[in-house]
Amino acid sequence: MNAPDTVTTTDVIWPDDGVTRVPYRLFTDPDIYQREQYDIFRGPTWNYAALEVELPEPGDYVTTFIGDTPVVVSRDQQGDIHAFVNRCAHRGALVCRQLKGNTDVHTCVYHQWAFDLTGDLVGVPFRRGLAGKGGYPKDFEMADHGLQKLRVSRLYGLIFVTFDPQLIPLEEYLGEVMVNNLSRCLEGRELEVIGYTRQYINCNWKLYGENTRDSYHGMLLHLFYPTFGIVAPASDSAVQMSEQRHHNLFTIWKPSAENQLDTYKENTTRGFEGGKESLQAPEFLRYINERDDDISITIESLFPNSVFQHIQNAMAMRQLRPKGVGEFELYWTYLGYKDDSAELREHRLRQANLLGPSGLIAMEDAEAGEIVQRGIIHDADQSSFMQMGGDGVNDLDGVGADENSIRGFWKGYRALMEI
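Heads up: these notes are all about the structure in this document. Because the structure is predicted, anything quoted here is derived from the model rather than measured. (Residues numbered from 1 in each chain as written. Predicted model: local features only at pLDDT ≥ 70, side-chain atom pairs only at ≥ 80, totals over all residues. Heavy atoms only, no water.)

**Structural notes on the sheet that holds strand 7 (residues 106-107)**
Within the open sheet, the three strands sit side by side as 7-8-9. Their pairing is antiparallel. If you trace the sheet from one side to the other, it starts and ends with strand 7 and strand 9 (121-123), each paired once. Direction of pairing for strand 8 (residues 114-115) relative to strand 9: antiparallel, over a ladder of two bridges. Residue Phe115 lies in a different strand from strand 9, and its bridge partner there is Leu121. (Pairing = 2+ DSSP bridges. Helix = DSSP H or I, 4+ residues; strand = E, 2+ residues; numbered from the N terminus.)

**A short note on the pairing of strand 2 (residues 47-51)**
The two faces of a sheet get side chains in turn, since along a regular strand they alternate between them. In terms of burial, strand 2 is largely enclosed, as five of its five residues are buried. Sheet topology note: the strand 2/strand 11 (residues 158-162) ladder contains four bridges and is antiparallel. Bridged to Ala50 within strand 11 is Ile159. (Buried < 20%, exposed > 50% of the residue type's maximum accessible area, 1.4 Å probe, protein only.)

**Digging into the pairing of strand 11**
With five of five residues buried, strand 11 is to be regarded as a mostly interior element. Alternating positions in strand 11 separate into two faces, Leu158, Phe160 and Thr162 on one and Ile159 and Val161 on the other, with burial throughout.

**Topic: the sheet that holds strand 4 (residues 69-75)**
The pairing of strands in a sheet happens through backbone hydrogen bonds and is either parallel or antiparallel. Ordered by their spatial adjacency, seven strands build an open sheet running 2-11-10-5-4-3-6, and the pairing between neighbours is antiparallel. Each edge of the open sheet carries a strand with a single partner, namely strand 2 and strand 6 (100-102). Pairwise comparison of adjacent strand axes, ignoring direction, gives a mean angle of 30° for this sheet. (Axes fitted to C-alpha atoms, helices over the stretch in contact; angles between N-to-C directions.)

**Here we look at empty space enclosed by the protein**
Counted under the stated rule, the structure contains three cavities of 30 Å³ or more. Trp205, Tyr208, Gly209, Thr212, Arg213, Leu302, Phe303, Pro304, Ser306, Val307, Leu320 and Phe409 together form the lining of the largest cavity. Every element with two or more residues in the lining of the largest cavity is listed here: helix 5 (205-211) and strand 16 (306-311). If you tally residues by element for the lining of the largest cavity, the top one is helix 5, at three residues. (1 Å grid on protein atoms, 1.4 Å probe; cavity = no way out; pocket = protein on both sides within 12 Å on 5 of 7 lines; lining within 4 Å. Points joined across faces, edges and corners; volume = space filled by probe spheres on them.)

**Considering the nonpolar core**
With 88 residues, the main nonpolar core has Leu26, Val73, Leu174, Leu354 and Trp410 as its most contacted residues. Other than its neighbours up to four places away in sequence, Leu354 contacts Phe224, Ile230, Phe284, Leu285, Ile311, Gln312, Gly359, Leu360, Ile361 and Ala362. (Core = buried A, V, L, I, M, F, W, Y, C linked by side-chain atoms within 4.5 Å. Contact = heavy atoms within 4.5 Å.)

**Remarks on the layout of surface pockets**
In this approach a probe as big as a water molecule rolls over the atoms, and the regions it shows empty are the leftover space. Considering only enclosed or pocket space, the second largest pocket measures out at about 510 Å³ in volume. The wall of the second largest pocket is formed by 22 residues, among which Glu210, Asn211, Asp214, Ala368 and Val372 lie closest to the centre. Elements that contribute at least two residues to the lining of the second largest pocket include exactly helix 5, helix 10 (363-376) and strand 19 (383-385). The element contributing the most residues to the lining of the second largest pocket is helix 10, with seven residues. Residues of the lining of the second largest pocket, tallied by class, amount to twelve nonpolar, four polar and six charged. (Nonpolar A, V, L, I, M, F, W, Y, C, P; charged D, E, K, R; others polar.)

So this is what it looks like as structure tokens:
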């Protein structure tokens, strides 16, 4: 869905160096933000919206956002999943104002227009007028005034939606690598939601898109990683991207017993005395090898709006919800499996403290985005510099000191925005 003529656009002059230089204007220009809502979020992309487990019964619904467009996802009486824009077809008011609930009919509080669980209009007060006066014309058809419906696709308990009626199937859009990792973690297991958090971050949503694809900031920004040996510089690892390069998967295998802190100290500019600290509750970081493959971390960034991750034994979905050119909401959903033992469920809840707004290995990411936003706000004509590892967008055997995945993000972005 291309931006309408009423949405102004700003020409972006991309440096000759390609995706090794990214114009700061992309993070600060309101016109570009508006184009993204149509060309990306309402365009040819599949967006994560919700989980099937959040809609266990007929009539259940959740409200969410695709870009900054409010959306409802609901389960009908036959068990099918539907999604529609949360905007009354009458005067544009939000129809559903709760985060979640259960209902037989969605009714707009403003003028009582009522919609069924599929988004079809089923009731209009005073349709024939009152006491012979007013009302709608005789040719008024309720079938013509339903809510705007979106395509829905489900994969391993995850619900994705798109505004594009012609978009390729979800699995083809994600690609084999991304689907295989989701299968590894989710196929054959019924998910359980064990918690939620929400945080508002004062930076452009794309700065977070860069952050989740930044392969080497983890041991520099998040000192909890090397301090307690969750990741060592010599850990076996891999970086894989989709064919379009905008989806990304980091895989890291459990470090060997000897944590390579000397390598870390020799290659950073930050003072660090890691290795001397200990946790009062060392069971907090206990790694349970659930799948017998020694993979301790996967971070799967799915363009444009979500990240599926497991770190140690903590699992979560992160959903990006842009709120303006310099602000977005990050919506965390913490996951386990319904057949988890009580002990494992407690362990997942304990390790959930690694993640989220104040997570021991996540809290710095928001601050990183915000200090970039503050730093670039008046220099739209300048560009970032991302030439670590060259200028390629290639998969790598090993998460090294490179920016390939970030460049891959921008390659996919440019193709969609045609800039």
